[in-house]
4 protein chains.
Amino acid sequence: MKAILVRPPKEGVEIKDVKQEEVQNFGKIKIRTLYNGICGTDREIVNGKITFSLSNKNFLVLGHEAIGVVEEGYGNFKEGDLVMPINRRGCGKCLNCLLGRPDFCETGEFVEAGINGMDGFMREYWFDDSRYLVKIPKQIEDIGILAQPLADIEKSVEEIINTQKRVPSWTCDDGTYNCRKVLILGSGPVGMLFSLIFRTIGFEVWISNRREPNEIEQTVIEETESNFFNSSSGMEKINQKFDVIIDATGADASILDKVFPLLKRNGVLGLFGFPISGSFGVDFRSIQEMVLSNKVIIGLVNGQKPHYQQAVTHLASWKTLYPKTSTLLITRTVPITDENQVINVLREKQEKEIKIRIAW
Amino acid sequence: MKAILVRPPKEGVEIKDVKQEEVQNFGKIKIRTLYNGICGTDREIVNGKITFSLSNKNFLVLGHEAIGVVEEGYGNFKEGDLVMPINRRGCGKCLNCLLGRPDFCETGEFVEAGINGMDGFMREYWFDDSRYLVKIPKQIEDIGILAQPLADIEKSVEEIINTQKRVPSWTCDDGTYNCRKVLILGSGPVGMLFSLIFRTIGFEVWISNRREPNEIEQTVIEETESNFFNSSSGMEKINQKFDVIIDATGADASILDKVFPLLKRNGVLGLFGFPISGSFGVDFRSIQEMVLSNKVIIGLVNGQKPHYQQAVTHLASWKTLYPKTSTLLITRTVPITDENQVINVLREKQEKEIKIRIAW
Amino acid sequence: MKAILVRPPKEGVEIKDVKQEEVQNFGKIKIRTLYNGICGTDREIVNGKITFSLSNKNFLVLGHEAIGVVEEGYGNFKEGDLVMPINRRGCGKCLNCLLGRPDFCETGEFVEAGINGMDGFMREYWFDDSRYLVKIPKQIEDIGILAQPLADIEKSVEEIINTQKRVPSWTCDDGTYNCRKVLILGSGPVGMLFSLIFRTIGFEVWISNRREPNEIEQTVIEETESNFFNSSSGMEKINQKFDVIIDATGADASILDKVFPLLKRNGVLGLFGFPISGSFGVDFRSIQEMVLSNKVIIGLVNGQKPHYQQAVTHLASWKTLYPKTSTLLITRTVPITDENQVINVLREKQEKEIKIRIAW
Amino acid sequence: MKAILVRPPKEGVEIKDVKQEEVQNFGKIKIRTLYNGICGTDREIVNGKITFSLSNKNFLVLGHEAIGVVEEGYGNFKEGDLVMPINRRGCGKCLNCLLGRPDFCETGEFVEAGINGMDGFMREYWFDDSRYLVKIPKQIEDIGILAQPLADIEKSVEEIINTQKRVPSWTCDDGTYNCRKVLILGSGPVGMLFSLIFRTIGFEVWISNRREPNEIEQTVIEETESNFFNSSSGMEKINQKFDVIIDATGADASILDKVFPLLKRNGVLGLFGFPISGSFGVDFRSIQEMVLSNKVIIGLVNGQKPHYQQAVTHLASWKTLYPKTSTLLITRTVPITDENQVINVLREKQEKEIKIRIAW
């Protein structure tokens, strides 16, 4: 069958025919791939920027975002069902992995499909186990590929809400989060999805970037009644404070110096983006302020099965409530038959891209 | 303006003109009524079965389910917004009411619109405060009236999930609730809405009634992949046990004797329906079993603003995922101009009714 | 070695010599028994009232409460350390047992030392695993045997507190539980220990029995600033309501009919005692009341290692704060050499007994 | 009456006679002071290092740690009861303050006795309200003054435990915290009290300082079975990782650079000490690590009434379990009649001081 292969740590990507015995499979349920989503991590692998271990082979099947159709069912999964695989799989040893939550793996010995230690899903078909599959209703087939990146963000928001249970009352005087404000740094796909979830649970949402919003961003912001802040002339000009600040930039870490003073008492700075340079300098006065005002800085990573399921519910609700937004989030579909284009989108971020998918 | 009035404890209902000074208002935002929902409580008031106090008047405006359109806005609520009022309002004294959660009022001195101590919303317009209003997106105007009864059920399911946090792990080995089973007694609107929420959070759902499902029920069950059990030849024939059992019948309490043995270890029997006769006999062996297996019986009542907002998200998601179901749940719309019909539906439950609404 | 044996379901008890190969052991750490506590369950086994399975033998070593001294150490447990074994051990299958919490075992396939499926600790020595051992500081050797029954009650109170997290605020306006009241039915050892924990976490405590308090009870009540209510002329005469009611009687279940109306809004009826007759009749009006006021009835059973450790802290604190009480709780120590007396206290409850222990 | 006065922002301290009308009082219960504790904050005020607002007077009564005896009782507080006042009092506006938890005040408009906006307790007597008083049992009168600093640490540990509820299982496979390790930076009174609480809840405890332990520290470490690490030749030589790291130094912030790499996956860095110089540089690689491993940095401050009550229980338990330690923690008692000494201990930290108290 056809598959998209990488040979890390060497850069490069190939579309090739492989035999079933050459690639890993994980269960009894046969799934034919319909779509793969492409994200920044795929491109870092293709461009040789991520180093990682392979499993007894000289290549790895790329791809951690996929929707497929069941061809040979088992248990609750029947022929014709649409499914999405969960990409991180547990160490089998620590309690969190036994609880189905390798996002909190304590040993670090988990594997990640198409990324580390496990073949991915950019191939014609694979076999999987029901434990690692989530049903994607046909009604959201068009936007379903977003459930994978969205799951990571569902987990992150859940973790922030859980962390804030340390505060005797973090809900407002009407029992909601309507008095809470979040500032999201970065208006890429991650920033957009954070903004959608925080709007859904009732927050006032501010998205910031160092430029004016583009057309897509403008549409999303209007439809979801969010706010955009152009920080090019100084973050402090936003002139208000926030209960939650999310770093969804993956840019230079020094941006955090500028936003930390914008955090309210009992506030949370959530780190989701993966900075690739710079340093966040927390001087003694900022530490005093953290102590006196119960502030938290928290690292946020990886959603698991409950978050994929919640992502499905949210996508379905946004299709009703934000029809323009949900259409705009899939910016392009490239057929696997057009190999040049596939290679191209796997190599380089495209103009105004939110989510690009490959159709098999 | 026109209003639907009752004069409890006398039975009866009238459509009459009242002056604005004669009826209570609660804030600055003027709302013109679009729809009222009708529920069993309204009929019990009309038929003189519920006794309660009035507030310095010889009548009460009926109606605790409403959607209206803002005519004079204030704060976040603008002209043209669709809104739903929250029907129970706090005592202003206890901590739970100060936290916006009169569903857990400790004094019992809360009021309920159209039911107890406060004029309801079956009238041309009313004035309200933003604290008690929830926005209803135009995209779900058609089914939005369900948000009020649904909020009560959102709260109930949330309370059950909260209660089960006493169990070290109540989620399954994949982190979800997919291994958990719920039995819902009663297939009326309450049973249906419970079933929809439990499906949404991943439970296997069984709905039971003492007959075969009717056509609407059959459609909902198929679309939501739930199960129906006809208990007419004995509840025990269901031949399996459940993690949660919900009484949504409001029938004779003795039904609980029959279902209690079907509860698994660490299980919860949730009481939502309002039985009007009979007794639930928990004999010493059942108590031993409760003790040995950590079982819980819990009373469930009233959703508040966070639950209304969650209901909106769920309704929007069901409109995408369960298009037939969401249409079928509104079984009839009666125009206020057809006064005979309005009086009729307020007096008597209709054949195959799920939710009937009055359109203004 | 000497051991106390039972042969259920036959009644009777013997002190006999057994060989090490004839009895079960559970690990590498050798422990010489210092004390065994005696409780009602032991007597029900001795008197043939509890039926249960044995493990491939025609006898069972009795005893689930013990303190011993380590003779051959391993890991953190050194020669000379005082230890207490945990009596219930998990099924090895369900998530709660994997989390060290067989008190919430989902399969029911746990075993209990000296009770069901596993030899107990009324013997000269046994071998055990560190996972099942709790250190008993020498400073509380005199009252340490209480840690086992106390652990069950620590778990129960923890579970009630966890269950009440469903209430937005169940703490008072000073952040404590000082405004909460508990009624404890029964003034035996279980009732006394419940009262001590509830006092420790700040509750106002009422203990009730159908007679005046005896001298020991009077001392405990005075020292701990609790209250006693003689219910012989009617429970309702107590003339106040409670946030928590605990059944610690193990008497006829019909007592619950009388106390249920004493429960406040959002209140919890905790079932700990094991009734042996009668029925608790929850009529439809009581169910309506449960629904309208968010009431809970909950079964409470078995403490595990975290609760044993908390019991040690509490016993140490009470030794300082309630010196009379902590002395009085151990009502008698019988030497194993006095076999007649040992058999006698194993057969029959003694006058004014709180906790009797056997000294080896 | 005699009182100890400061006139911030001017440095200096005086023992003077003041009239009752000149100083603030807070309720109906008259309390005669028995002891005041002295802490670093008092010395920073005396030495002019803390700037703050006064309330319409040209002086402030110093002192936020006190035990007194009730002379005129009210409600639950009777003549002769020993009591401790809570030092921080709420803003009266935000929900957390209404819930009795000004440690999480959202407005920042709380006051602190003897520190900011409210007269303290270094005076012969004061009047207070039951809401702000905690009973100190006579059995711990000798060490009771520790309940005030201990309350802050009780709150901090509780907040860490609450924050870790974000982890699906943070307890070990025996349900306890026995597999968890904490590193406490600093072996002063704060470090010692943190170590005592973490030992009590089952952690393995490491205390570090840049020197060998002194005699008192050595005794505490042995009695509580903790560990001491001399970090003078490099923090990394400790050669192990920790689930929790607490900064209890109040030294230069750069120490955090050295300990942050010692934090395990899902770990928490708790900031309690108040650094007065330096900077904690979180470079992009550390942020990546925080993201990938769910790490948290959290500011910890101020205990409230529930924490004072828990502190009383813990002090009582330590008096039994750690008799040497609990005696050693009060390093000196200075009579108020010896004014020179009082002034001296208020100005300068003493050799090997843990807690010094003034006796009235």
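Calculation notes
- Residues numbered from 1 in each chain as written.
- Chains lettered and ligands numbered in written order.
- Predicted model: local features only at pLDDT ≥ 70, side-chain atom pairs only at ≥ 80, totals over all residues.
- Heavy atoms only, no water.
- UniProt positions renumbered as here; feature names shortened; annotations may be inferred.
- Pairing = 2+ DSSP bridges.
- Helix = DSSP H or I, 4+ residues; strand = E, 2+ residues; numbered from the N terminus.
- Buried < 20%, exposed > 50% of the residue type's maximum accessible area, 1.4 Å probe, protein only.
- Least-squares fit on C-alpha atoms with pLDDT ≥ 70 in both.
- Contact = heavy atoms within 4.5 Å.
- Core = buried A, V, L, I, M, F, W, Y, C linked by side-chain atoms within 4.5 Å.
- Buried area = accessible area lost by both parts, 1.4 Å probe.
- Salt bridge = Lys/Arg side-chain N within 4 Å of Asp/Glu carboxyl O.
- Polar contact = N/O pair within 3.5 Å; in protein donor to acceptor, adjacent residues only side chain to side chain.
- Nonpolar A, V, L, I, M, F, W, Y, C, P; charged D, E, K, R; others polar.
- Phe/Tyr/Trp six-rings, centres within 6.5 Å; stacked < 30°, edge-to-face > 60°.
- Lys NZ or Arg CZ within 6 Å of the ring centre and 35° of its normal.
- Domains from an automatic or database assignment.
- Disulfide = S-S within 2.5 Å.

As annotated in an unreviewed UniProt entry, chain A carries the name Glucose 1-dehydrogenase and comes from Acidianus manzaensis. Among the UniProt annotations of chain A, the heading Sequence similarities (unreviewed entry) holds the following wording: "Belongs to the zinc-containing alcohol dehydrogenase family. Glucose 1-dehydrogenase subfamily." In its Cofactor (unreviewed entry) section, UniProt records this for chain A: "Zn(2+)".

A.B. asks: What am I meant to see in the sheet that holds strand β2 (residues 14–17) of chain C here?
C.D. replies: Within a sheet, neighbouring strands are paired by backbone hydrogen bonds and run either parallel or antiparallel to one another. All names here are of chain C. Taken in spatial order, the three strands of this open sheet run β2-β1-β4, and their pairing is antiparallel. Strand pairing shows two members of the sheet lacking a second neighbour, β2 and β4 (60–61), which therefore form its edges. As paired strands, strand β1 (residues 2–6) and β2 are joined by four bridges and run antiparallel to one another. Residue pairing in the sheet places isoleucine 4 in a bridge with isoleucine 15 of β2.

A.B. asks: What is the right way to read the UniProt feature "binding site: substrate" (unreviewed entry) in chain A from this model?
C.D. replies: Residue and element names in this part refer to chain A. UniProt's feature table lists "binding site: substrate" (unreviewed entry) at Thr41, Asn87, Glu112, Gln148, Asp152 and Asn302, given in the numbering used throughout. With the annotated positions falling across 262 residues, the maximum pairwise C-alpha distance of 13.6 Å places them together in a single cluster. Within the secondary structure layout, threonine 41 lies in helix α1 (residues 40–46). Accessibility expressed as a relative area gives 23% for threonine 41, which makes it partly exposed.

A.B. asks: Would you mind going over the relation of the copies chain C and chain D with me for this structure?
C.D. replies: In this arrangement, two copies of a chain are superimposed by a rotation about an axis accompanied by a shift along the axis. For the pair chain C and chain D, the best superposition has an RMSD of 0.0 Å and corresponds to a rotation of 180° with a translation of 0.0 Å parallel to the axis. Look at the turn and shift together and you get a two-fold axis relating the two. For chain C, the residue whose C-alpha comes nearest the rotation axis is serine 317 of chain C, separated from it by 1.8 Å. Comparing contact sets, 100% of the residues at the interface of chain C also lie at the interface in chain D, consistent with an isologous, same-surface contact.

A.B. asks: Even after reading the chapter, I still don't get the nonpolar core, so can you show me in this structure?
C.D. replies: Soluble globular proteins: nonpolar side chains tend toward being buried together. Core analysis: the largest hydrophobic core is formed by 236 residues, its most contacted members being Phe198 of chain A, Phe198 of chain B, Phe198 of chain C together with Phe198 of chain D. Beyond its immediate chain neighbours, meaning those up to four positions away, phenylalanine 198 of chain D contacts Val157, Ile160, Val182, Ile184, Phe203, Val205, Val244 and Ile246 of chain D. If you look at the next biggest cluster of nonpolar residues, it comprises 50 residues, including Ile245, Leu256, Met290 and Val291 of chain C.

A.B. asks: Honestly, the interface of chain A and chain D in this entry has me stumped. Any pointers?
C.D. replies: Interfaces are frequently sized by the accessible area removed from exposure as the parts join. In this complex, chain A contributes 55 residues to the contact, which on the side of chain D involves 55 residues. Summed over both sides, the interface between chain A and chain D buries roughly 4400 Å², with carbon and sulfur atoms accounting for 61% of that surface. In terms of surface lost to chain D, no three residues of chain A exceed Arg166, Arg265 and Val291 of chain A, which account for 13% of the buried area on that side. The interface formed by chain A and chain D contains four salt bridges. Between glutamate 106 of chain D and arginine 180 of chain A there is a salt bridge, and its shortest N-O distance comes to 3.1 Å. The interface formed by chain A and chain D contains 23 residue pairs in polar contact (both at pLDDT 80 or more). The set of elements that each furnish at least two residues to the side of chain A that touches chain D consists of α2 (95–98), α3 (147–163), β16 (263–271), β17 (279–283), α7 (284–292) and β18 (296–299) of chain A. Among the residues making up the side of chain A that touches chain D, the classes are represented as 28 nonpolar, 16 polar and eleven charged.

A.B. asks: I tried to follow the sheet that holds strand β1 (residues 2–6) of chain A on my own but got confused; where do I start?
C.D. replies: Residue and element names in this part refer to chain A. Strand order in this open sheet of three strands is β2-β1-β4, and the pairing throughout is antiparallel. The open sheet is flanked by β2 (14–17) and β4 (60–61), the only strands paired with a single partner. Pairing of β1 with β4, which is carried by two bridges, proceeds in the antiparallel orientation. Residue pairing for β4: valine 6 is matched across the bridge by leucine 60.

A.B. asks: What is the right way to look at the packing of aromatic side chains in this model?
C.D. replies: Here the distance between the centres and the angle between the planes together describe a pair of aromatic rings. Taken as a whole, this structure holds 36 aromatic pairs over all chains when the rule is applied. Summarising the aromatic geometry, the rings of tyrosine 125 of chain A and phenylalanine 127 of chain A are spaced 6.3 Å apart at their centres and angled 85° between planes, so their arrangement reads as edge-to-face. Given a relative accessible area of 13%, phenylalanine 127 of chain A falls into the buried group. In textbook terms, an aromatic cluster arises when at least three aromatic residues are bridged by ring pairs, as seen for Trp170, Tyr177, Phe194, Phe198, Phe203 and Phe272 of chain A. A cation sits over an aromatic face here: lysine 30 of chain A above tyrosine 125 of chain A, 4.4 Å from the ring centre. Positioned over the ring face of phenylalanine 242 of chain B is lysine 181 of chain B, at 5.9 Å from the centre of the ring.

A.B. asks: Is there a simple way to think about the domain arrangement of chain A in this case?
C.D. replies: Residues and elements named next belong to chain A. Partitioning chain A into domains gives domain 1 (2–143 + 330–359) and domain 2 (152–299). Its C-alpha centre places domain 1 at a distance of 30 Å from the equivalent point of domain 2. Taking both partners together, domain 1 and domain 2 bury about 620 Å²; carbon and sulfur atoms supply 65% of that area. Of all residues in domain 1, Phe104, Lys352 and Ile354 give up the largest surface area on contact with domain 2, accounting jointly for 66% of the area buried on that side. Counting across the domain 1 and domain 2 interface gives two salt bridges.

A.B. asks: Which parts of the structure should I look at to understand the state of the cysteines?
C.D. replies: In protein structure, a disulfide is the covalent linkage between the sulfur atoms of two cysteines. In total, this model carries four disulfides over all chains according to the counting rule given. Between the sulfur atoms of cysteine 172 of chain C and its disulfide mate cysteine 179 of chain C the distance is 2.0 Å. Because the torsion about its S-S bond is -90°, the bridge between cysteine 172 of chain C and cysteine 179 of chain C counts as left-handed. Free cysteine: cysteine 91 of chain B, not disulfide-bonded; nearest cysteine sulfur from cysteine 97 of chain B at 3.8 Å.

A.B. asks: Would you explain the interface of chain C and chain D in this entry?
C.D. replies: Contacts between the two partners involve 31 residues from chain C and, on the opposite side, 31 residues from chain D. Each partner contributes to the roughly 2300 Å² buried at the junction of chain C and chain D, and carbon and sulfur atoms together form 54% of this total. The interface formed by chain C and chain D includes four salt bridges. A salt bridge links aspartate 174 of chain C to lysine 305 of chain D; the nearest nitrogen and oxygen atoms lie 3.3 Å apart. Linking chain C to chain D there are 15 residue pairs in polar contact (both at pLDDT 80 or more). For the side of chain C that touches chain D, the class distribution of residues is nine nonpolar, 13 polar and nine charged.

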